[in-house]
2 protein chains.
Amino acid sequence: MNDAPVPVLPADHPLADGRTTGSALLRALRGERTGPRAVWFMRQAGRSLPEYRAAREGVGMLESCLRPDLAAEITLQPVRRHHVDAAIFFSDIVVPLRLAGVDVDIVPGRGPVLGSPVRTASDVAALPSLEDVDFTAIREAVALTVSELGGTPLIGFAGAPFTLAAYLVEGGPSRDHLGPRTLMHADPETWQALTTWAADLSGAFLRAQLEAGASACQLFDSWAGSLSAADYEAHAAPASARAFAHVADLPVPRIHFGTGTGELLPAMHAAGATAVGVDYRLPLDEASRRLGGVVPLQGNIDPALLAAPWNVLEPHVRDVLRRGDAAPGHVVNLGHGVPPSTEPDVLTRVVDLVHEVPQ
Amino acid sequence: MNDAPVPVLPADHPLADGRTTGSALLRALRGERTGPRAVWFMRQAGRSLPEYRAAREGVGMLESCLRPDLAAEITLQPVRRHHVDAAIFFSDIVVPLRLAGVDVDIVPGRGPVLGSPVRTASDVAALPSLEDVDFTAIREAVALTVSELGGTPLIGFAGAPFTLAAYLVEGGPSRDHLGPRTLMHADPETWQALTTWAADLSGAFLRAQLEAGASACQLFDSWAGSLSAADYEAHAAPASARAFAHVADLPVPRIHFGTGTGELLPAMHAAGATAVGVDYRLPLDEASRRLGGVVPLQGNIDPALLAAPWNVLEPHVRDVLRRGDAAPGHVVNLGHGVPPSTEPDVLTRVVDLVHEVPQ
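Please read all numbers here as calculations on a predicted model, not as lab measurements. Position numbers for residues count from 1 along each chain, tracking the sequence in the order it is written. Just so you know, chain letters begin at A and ligand numbers begin at 1, following the order they were written in. At least 70 in pLDDT is required for a residue's local features to be given in this predicted model, at least 80 for side-chain atom pairs to be given and counted, and no such filter applies to totals for whole chains, interfaces and linings, which use all residues. Each side-chain value is derived from all of the structure's non-hydrogen atoms; neither hydrogens nor water enter the calculation.

A.B. asks: What is the right way to read the relation of the copies chain A and chain B from this model?
C.D. replies: Mapping one chain copy onto the other needs a rotation about an axis and a shift along that axis. C-alpha atoms of residues with pLDDT of at least 70 in both copies form the basis for the least-squares superposition of the copies. Each copy superposes on the other: chain A lies on chain B with an RMSD of 0.0 Å after a rotation of 180 degrees and an axial shift of 0.0 Å. Here the two chains are linked by the operation of a two-fold rotation axis. Ranked by how close their C-alpha atoms come to the rotation axis, the residues of chain A are headed by G260(A), at 3.8 Å. Both copies present the same face, since 100% of the interface residues in chain A are matched by interface residues at the equivalent positions in chain B. The contact definition used throughout considers only heavy atoms, calling two residues in contact when any of these lie within 4.5 Å.

Now the structure itself:
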């Protein structure tokens, strides 16, 4: 798949006509500091919104990701409600696994569960070919979303190969990710084959979204923080780099995010990201220092403070903005996803505050 | 409780007669580098051992912690089997909660579950008084264990106040610890009252074990890694310091351990620890550098590698020993608990290797 010819962007593609390149999001991701700051929230499309719960009623998670009308509607909901500066494509990191033919489902209250884990060289060899993965539903959902978004940019989304591989090896969510962390040392060849496969799948998933009209992309490495810096560099970053390489010819920003990654930020940047997402644990000025002061950052309001009174949350948001000024560009976001229990009005108020404070 | 007079050690107490002060563990924790290295494993007493599963058959977790004969037997099992240089008292961080009268149980497959969470000022005010907590079962178990251990030292154990408070606020295990992290900012006074109570309980639990014959103690802060350094210093470290202060008059080493704590090590040391446990993510030489090169360390074999072939595990253990030489003293341990699926013979082999390599 990596050898496939690079498709030419159609003339009416947002990346070709530059329609959204003037947006606050893209300005910030390119390191410009003009106009109000851009703000969006990881998991803004989701369980915190009553309109989301209504739209999802009786529809399974994976089904909702694969129905273009529903995925588009859910993606648009937080943009309408909060006036955020970007939509994030409503999907799940295991969606491309399902499209590739892997037996996976998302079990409510538990998360992604695989029909059978992938642990040996022969398990990896038996993974489906990625030649003919059909991303039609994704392309349709993205095109529909972009057409309804007006000028607001859409961010495409994929799980990073390490996190995808961690799910494949464990067969579901786990706390310590012992299986993948053992495999990368015990059988590095199998691990490399597995993460290469996952990288090509994530890369193709990102590319499908970008070709259909997304203006930026983000690779989520949910479990990267379970690795030492040495293990991350040797056994995870190369696959993230391979995923990003699938879209490196497109003129779009590439964001790389994980949690607990304070020690990994330089390697996450070096993997081919043009901007780095920072979790709530590390102040943005310190994150920028670790990145040599030359990388646009995204983050990092503490999601726990969304449930605190406004007189606690407001100074925290202002502190995040102040520290973010240390980076060449700053997209305001949370330092992790929106907690399901979040009061939606709080997010709207944070957006208003961010837009109000001059940069 | 903090104002109670300091009990005088009985003449036959190990701390009084110095019986175990010459042990490899205590030498290492005091920064001495003579003889073979000391090694033990967090969660060495537990599910990886068939004799543990046999001893626990039909007995609930909390019941097994509170039956002196059973707690002693389980504590001794890994010492007999692996010839480790320390026993760790078999218990659970919620045991003192139960002894204090809090409605808590350990549900198999889930973890500690509270009858009702503790979230408000009045919930905290309603926590039981700590004046008359009865640690008799703990003292008996420790005394019995020490009498059967011969010269091998016993390490006393308690959960750090932040982690205890996190369980109390959430009402059970959680992934992001949003409840306690919100509370510490939203209502710092209630948070301080709660963690002070937890500190006095953990401190009393440690003291009971030390008075009954334990030769060192360790505070486990399982969830500390969910905090930024600033939050840890402001809202967790003071309570850990208060817990350690309960035993600071006793001539015993105090170890402080948590996972994901690379950024927190100096604050964990400053809280009154005499040695710091390091998780598997941070190499010991780097950890020692962050601690100014003056703090004995404990750690940090990657538990994931216990399931790898010996030709992968052995060089990793040797690397840990080499990096540990950067610290003034080094107690070899894992960088997290023994995974339940660990093959016991692997642990025995690691002990033999550690004892064989000269320091």
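Continuing now.
A.B. asks: Help me understand the UniProt feature "binding site: substrate" (unreviewed entry) in chain A in this model?
C.D. replies: Residues and elements named next belong to chain A. Mapped onto this structure's residue numbering, the UniProt feature "binding site: substrate" (unreviewed entry) falls at R43, Q44, A45, G46, R47, D92, Y167, S222 and H336. Spanning 294 residues, the named residues do not form one spatial group; their C-alpha atoms are separated by as much as 23.2 Å. To qualify as a helix, a DSSP run of H or I must reach at least 4 residues; to qualify as a strand, a run of E must reach at least 2; elements of each kind are numbered from the N terminus. Looking at the element boundaries, G46 is found in the loop between strand 1 (38-39) and helix 3 (50-56). Only protein chains enter the area calculation, which uses a 1.4 Å probe; residues under 20% of their type maximum are buried, those over 50% are exposed, and those in between are partly exposed. Since its relative accessible area comes to 14%, D92 is described here as buried. UniProt positions are given in the numbering used here, feature names are shortened, and annotations may be inferred rather than shown by experiment.

A.B. asks: When you look at the sheet that holds strand 6 (residues 216-221) of chain B in this model, what are you seeing that I'm missing?
C.D. replies: One key point about sheets: their strands pair by backbone hydrogen bonds, in either a parallel or an antiparallel sense. Residues and elements named next belong to chain B. Strand pairing is assigned whenever DSSP detects at least two bridges linking the two strands. A sheet is described by the order of its strands in space; here eight strands give the open sequence 1-10-9-8-7-6-5-2, paired in parallel fashion. With one partner strand each, in any of the chains shown, strand 1 (38-39) and strand 2 (87-88) form the two edges of the open sheet. With two bridges joining them, strand 2 and strand 5 (residues 154-159) adopt parallel strand pairing. Across the sheet, residue A87 finds its bridge partner in strand 5, namely L154.

A.B. asks: So what exactly am I meant to see when it comes to the interface of chain A and chain B here?
C.D. replies: Interfaces are often sized by the amount of accessible area the parts lose when they come together. Listed as interface residues are 30 residues of chain A and, on the opposing side, 30 residues of chain B. Taken over both partners, the interface formed by chain A and chain B buries close to 2,100 Å², and the fraction arising from carbon and sulfur atoms is 54%. Every case where a carboxyl oxygen of Asp or Glu lies within 4 Å of a side-chain nitrogen of Lys or Arg is listed as a salt bridge. Applying the counting criterion to the chain A and chain B interface returns four salt bridges. Between D302(B) and R181(A) there is a salt bridge, and its shortest N-O distance comes to 2.8 Å. Here a polar contact is recorded for every N or O atom pair within 3.5 Å, except that within protein the pair must consist of a potential hydrogen donor and a potential acceptor, and residues adjacent in sequence are included only if both atoms are side-chain atoms. Here chain A and chain B share 10 residue pairs in polar contact (both at pLDDT 80 or more) between them. Looking at the side of chain A that touches chain B element by element, the count peaks at five residues for helix 10 (residues 178-186) of chain A. For this classification, Asp, Glu, Lys and Arg are treated as charged, while Ala, Val, Leu, Ile, Met, Phe, Trp, Tyr, Cys and Pro are nonpolar and the rest, including Gly, are polar. Here the residues of the side of chain A that touches chain B are counted per class, giving 15 nonpolar, seven polar and eight charged. Once two parts are brought into contact, the accessible area they lose, counted with a 1.4 Å probe and summed over both, makes up the buried area.

A.B. asks: Teacher, can you tell me more about unusual backbone geometry here?
C.D. replies: It is generally the case that most residues other than glycine have a negative phi and that most peptide bonds are trans. Following G299(A), the chain continues to N300(A) via a peptide bond in cis, the omega torsion being -20 degrees. Assignment of secondary structure puts N300(A) in strand 9 (residues 297-301). Of note in the backbone geometry, H177(B) takes a positive phi value of approximately 55 degrees without being a glycine. Considering the arrangement of structural elements, one finds H177(B) in the loop between helix 9 (161-170) and helix 10 (178-186).

A.B. asks: Whenever I open this one, the pattern of salt bridges confuses me. Can you help?
C.D. replies: Residue and element names in this part refer to chain B. On inspection of all chains with the given rule, the structure shows 40 salt bridges over all chains. Put simply, R33 and D325 hold a salt bridge, and the shortest N to O gap is 3.3 Å. Here R33 is found in the loop between helix 2 (24-29) and strand 1, whereas its partner D325 is found in the loop between helix 16 (310-324) and strand 10 (330-334), with 292 residues between them in sequence.

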